[in-house]
Amino acid sequence: MMDPAQNNGTESIVNQLSAIKWDEAGLVPAIVQDAASKEVLMLAYMNEESLRLTVETREGWFWSRSRQELWHKGATSGNVQRVRSIQYDCDADTLLVKVIPAGPACHNGTYTCFENTLLVDDSVSSVDIEALPKGATDADLAQSLVQAGNDRFRMLAVLESVIAKRDAERPEGAYTTYLFEKGIDKILKKVGEEAAEVIIAAKNGSADELRYEASDLIFHLLVLLREAKLPLDDLMDELNRRHNK
């Protein structure tokens, strides 16, 4: 049962539905985005009823144009999408739904529906995570990261996306899959071990050793953040707040 405070918030949101500009079929496109990694997961459609259900349940509900019926994302697959926020654009004719996915968004079993590349700007060095085969190892992903562009901190964002993809798809044989399947205790153990390795490397006075161990620590910390569904952006916001005090 919804508590009174949440119910009042829901009523306030539902009262705003009149602002949405539905098309002639009574639908509005909904872009679904991973709230943590910022990856665009899918494009679906909502009618007024599915939007109300999404607001009330805090899980993704959509309207199937092919079946002409409501569908609850993950009702059969278990890959539900817990909704963090819903926004609409300046014309009020498109929704942005930020979610924490419990598994792949695509019916093909992939993290995102946007697996196919039509155009990439060759003037910008990038790593195409989605173009890597499903059987790609974590070493393959790491190599792609090494070859990525010149943005100083871009690899953190890319690595966050890679880890999110691993979390959703759980490819067999991937080290990140192993960590997620073992759960929080294993992840915490690895974070602790890598932190200890960083301390030892620093005491040893070896820059190469410290660089290697610190990289391991950052990777496992990002895995922990994904397990906790805490976006890296939230850490950046916290650091910004501290800086501006």
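In what follows, the accompanying structure is described. On a predicted model such as this, the values are computed, not experimentally measured, just so you know. (Residues numbered from 1 in each chain as written. Predicted model: local features only at pLDDT ≥ 70, side-chain atom pairs only at ≥ 80, totals over all residues. Heavy atoms only, no water.)

Quick look at unusual backbone geometry
In the Ramachandran plot, Gln68 falls in the positive-phi region, its phi being about 55° despite a non-glycine side chain. Within the fold, Gln68 resides in the loop between strand S3 (61-64) and strand S4 (69-72). You can call Gln68 exposed: its relative accessible area is 53%. Phi at Lys229 is positive, roughly 55°, even though this residue is not glycine. (Helix = DSSP H or I, 4+ residues; strand = E, 2+ residues; numbered from the N terminus. Buried < 20%, exposed > 50% of the residue type's maximum accessible area, 1.4 Å probe, protein only.)

Describing the sheet that holds strand S2 (residues 40-46)
Pairing within the open sheet is mixed, and its four strands lie in the order S2-S1-S6-S5. Only two strands of the sheet have a single neighbouring strand rather than two, namely S2 and strand S5 (81-88). Here the strands of the sheet are splayed against their neighbours by 25° on average, with no regard to which way each runs. Of the strand pairs in this sheet, strand S1 (residues 28-34) and S2 are connected by six bridges, and their pairing is antiparallel. Following the sheet pairing, Gln33 is matched in S2 by Val40. (Pairing = 2+ DSSP bridges. Axes fitted to C-alpha atoms, helices over the stretch in contact; angles between N-to-C directions.)

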